[in-house]
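Structural features, examined
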Amino acid sequence: METDNTVARRDFPLTGLSCASCAINTEKVLNAQPGVMKASVNFATSSASVEYLPSLIQPGALKAAVQSAGYDMLVEDAGDVRKQVEDEQLNHFRSLKRRTIWSLVLSVPIMTISMFFMDMPYANYLMLLLTLPVMTITGRQFFINAWKQARHLTASMDTLVAMSTGIAFLFSVFNTVFPHFWHTRGLHAHVYFEAAATVIAFILLGRLLEARAKASTSSAIKQLMGLQPKTVSLVQPDGQLNDIPVSSVKVGDILQVKAGEKIPVDGALVSGTSFVNESMITGEPIPVEKVQGDAVFAGTVNQQGSFRFVARKVGSETLLAGIIRMVQQAQGSKAPVQKLVDKIAGVFVPVVIGVAVLSLLIWLLFGSENAITQGFLALVTVLVIACPCALGLATPTAIMVGIGKGAQNGILIKDAEALELAYKVNAIVLDKTGTLTEGVPKVNGVSWHRDTAEYRNILFSMEKSSGHPLADAVSNYLEGNASWVDIEKLETLPGAGISGRYNNRQYFAGTEKLLYDNKIVVAPGLRAWALEKQAQAMTVVFFADEQNAIAAISISDRIRENSAEAVKEMQKLGLEVYMYTGDNMHTAAEVAKQVNIKSFRAGALPEEKAGFVRQLQEQGKVVAMVGDGINDSHALAQADVSIAMGKGSDIAMDVAHITLLQGDLLRIPAAIKLSRNTVRTIRQNLFWAFIYNLVGIPVAAGLLYPINGYLLNPMAAGAAMVLSSISVVMNSLRLKWLKI
């Protein structure tokens, strides 16, 4: 019996993750399951991306494995899971808010008594009563999670909090109930109820603020999700309108959209005209005119009048759904630098526990008469201050904001690795047709050496059979002035043209090189005409029989308005810009001159583009290739970063690392700037997260005490730990307002 080796890939929301170590633990559990090919857990998005073999393991088993580690996973169908996730997040936030408020309310009198009224009767017992609900009710989740993880021989931030506050509380209870134990030894029975209560209050407050900030980092995806309307007007066969849920729309349904309404699904106009604002998808602010036959996309806004359109793509097949899916996957992906951070976070908690115990032992061995108290304080403070959360949040929060900002500006980034790679790009190769030019070639002149109806018919029929954009321009030009004839042995010659036989004669349509290779004579007058047109940045297609050139056709493809500006912006960013085209040298030189590109290649075959990219890479350059994602697929695959010029439903999201939804070259320097800003933010976050722990842990252990007598208070340590995580998230949010 054969085993089905089909690999499934799904993203599952997770609950119960409280820190980066929780994410690492969950990832380890998932990767250990038989049938799981690869699992990646993102702490910032609280989600797991899992590639698995459905023949060996099902989502239910993945859920059970995660639950056994002390967390939970939602594996229901996509239709139910989004609302369930939102409900879970809302309930968690409300619960966290309640627990934080009560912890703060109870901590204030405990702090007040410990600072000003320690001499009042039964002060210790009063603080014990006030601290008890903080430990057992508002902070109980720390102890529950720590116990679950301990059962599986793992540890997390909850372990550190539970150990530090639990030790402080139990030590204080002992000193309250049995103070004479210390008095008989000539020592004062110190209590640390205020440390236990306020540390829990501060950490809960930090998680509350962190939850709010993390919600802001994913605002881009929420905005995209909010673009699709909930209901739509269905046109009945009798012409009546009926409001139905958008989920009930089927391919082929006729729908009506009024002025100001959002378009619910992808389709094409069947009646009416309008201007549609597509900025929410393409980033292009100017409304696009729509007439009968034009495509419209879910989430865009009808600005004028009403029109009817036929549904072509619905549900998860729409362009908007594809963008949301891609952005979600990209935001949940891990940058290469995150692998190092994950390794550090994975061993961080056990190392911190070891440092804390070592601090206590050193104090006991080398401390003064207050060594027990000071050693105990050092133990608690090290456990409190050492938080891997800042490390865990440093990369994913920046990635989420960066990729979300890109999506809002019509720049779709496939994953975090592409974003990090784009930061290193120092050379960029631009295709000419459809990239630097508009990609809509038109015939603007024909010079016939021998003009007959038969030749027109042959040329029209050959070009009509080709499908190449230049061939389409020629066949459209001859439409109405030529008739179809049957061409035999049609053969497409990549990068050169097309050939075929008619009445036992061979005919060619293509480049001058094609004629030269076949020893075909070009009359001087025809050659002079072709050179003149090429000097004006036009492409010339020759038509010939076995011996002589019959005609030359000049085709122009307008240079995009912003091509020169975009090239200038790329050069300002320090990029070496190259143009690569299969067009002739004269045309290529003129286009390169107009857009100010110094280095270009002309007359090259499509398969040679990948070789040129490889050649640049061998020189030590990190190369980005810009093309249409289909004809340039080999070169795009070879490049370090591939960028596809996409528009509407033709975008090559699966081919390229970066897709520009609107064919706007200025989006390329914008994508590079976005990458640089994001990677810079990640490095800033990691620097401050590492520095915080490198400085904070030794100070908490008492390193400064022999120098200036300073010993960090556990409450101050709790506040510092909270601020470290919040500062990382806030620094990532700055990306939202940086101009690209």
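Not measured: the values here are computed from a predicted model.

1. Details of the UniProt feature "transmembrane region" (unreviewed entry) in the protein
Per the UniProt record, "transmembrane region" (unreviewed entry) is annotated on residues 100–118, 124–147, 159–178, 190–209, 344–366, 372–395, 686–705 and 711–733. Taken end to end, residues 159–178 comprises 95% helix and 0% strand; its first and last C-alpha atoms sit 27 Å apart. In residues 190–209, helix accounts for 85% and strand for 0%; the two terminal C-alpha atoms are 33 Å from one another.

2. A closer look at the environment of Ser554
Of note, Ser554 is situated in strand 21 (residues 549–556). Put simply, Ser554 and Glu532 are 22 residues apart on the chain and 9.9 Å apart in space, counted from C-alpha to C-alpha. Leaving out residues up to four positions away in the same chain, Ser554 has contacts with Lys442, Val443, Asn444, Gly445, Trp529, Lys533, Met538, Thr539 and Val540.

3. Overview of the packing of helix 6 (residues 157–177) against helix 13 (residues 371–385)
Running from N to C, helix 6 and helix 13 point in directions that differ by 155°, and their axes come no closer than 8 Å. With respect to their mutual orientation, helix 6 and helix 13 come out roughly antiparallel. The chirality of how helix 6 crosses helix 13 is left-handed. For the pair helix 6 and helix 13, the contacting residues are Met157, Leu160, Met163, Ser164, Ile167, Ala168 and Phe171 in the first and Phe376, Leu379, Val380, Leu383 and Val384 in the second. Here the contact of helix 6 with helix 13 is composed, by residue class, of 11 nonpolar, 1 polar and no charged.

4. Some words on the sheet that holds strand 10 (residues 288–290)
Spatial strand order, 10-9-12: 3 strands in an open sheet with antiparallel pairing. Strands at the two margins of the open sheet, each flanked by one partner only, are strand 10 and strand 12 (301–302). The sheet contact formed by strand 9 (residues 274–277) and strand 10 spans 3 bridges and is antiparallel. Within strand 10, the position partnered with Val276 by the bridge is Val288.

5. What about the pattern of salt bridges?
Going through the model one piece at a time under the given rule, you end up with 14 salt bridges. Of the charged contacts, one joins Asp431 and Lys609 as a salt bridge, the two residues approaching to 2.8 Å between their closest N and O atoms. Here Lys609 lies in helix 23 (residues 606–618) and Asp431 lies in strand 15 (residues 427–431), a separation of 178 residues in the sequence. For Asp431, a relative accessible area of 8% translates into the label buried. With a shortest N-O distance of 3.3 Å, Asp517 and Lys513 are connected by a salt bridge. Here Asp517 pairs with Lys513, and both are found in helix 19 (residues 512–517), just 4 residues apart, close to one helical turn.

About the criteria used
Residues numbered from 1 in each chain as written. Predicted model: local features only at pLDDT ≥ 70, side-chain atom pairs only at ≥ 80, totals over all residues. Heavy atoms only, no water. UniProt positions renumbered as here; feature names shortened; annotations may be inferred. Helix = DSSP H or I, 4+ residues; strand = E, 2+ residues; numbered from the N terminus. Contact = heavy atoms within 4.5 Å. Axes fitted to C-alpha atoms, helices over the stretch in contact; angles between N-to-C directions. Parallel < 35°, antiparallel > 145°, perpendicular 65-115°, else oblique. Left-handed = near helix turned anticlockwise from the far one by under 90°. Nonpolar A, V, L, I, M, F, W, Y, C, P; charged D, E, K, R; others polar. Pairing = 2+ DSSP bridges. Salt bridge = Lys/Arg side-chain N within 4 Å of Asp/Glu carboxyl O. Buried < 20%, exposed > 50% of the residue type's maximum accessible area, 1.4 Å probe, protein only.

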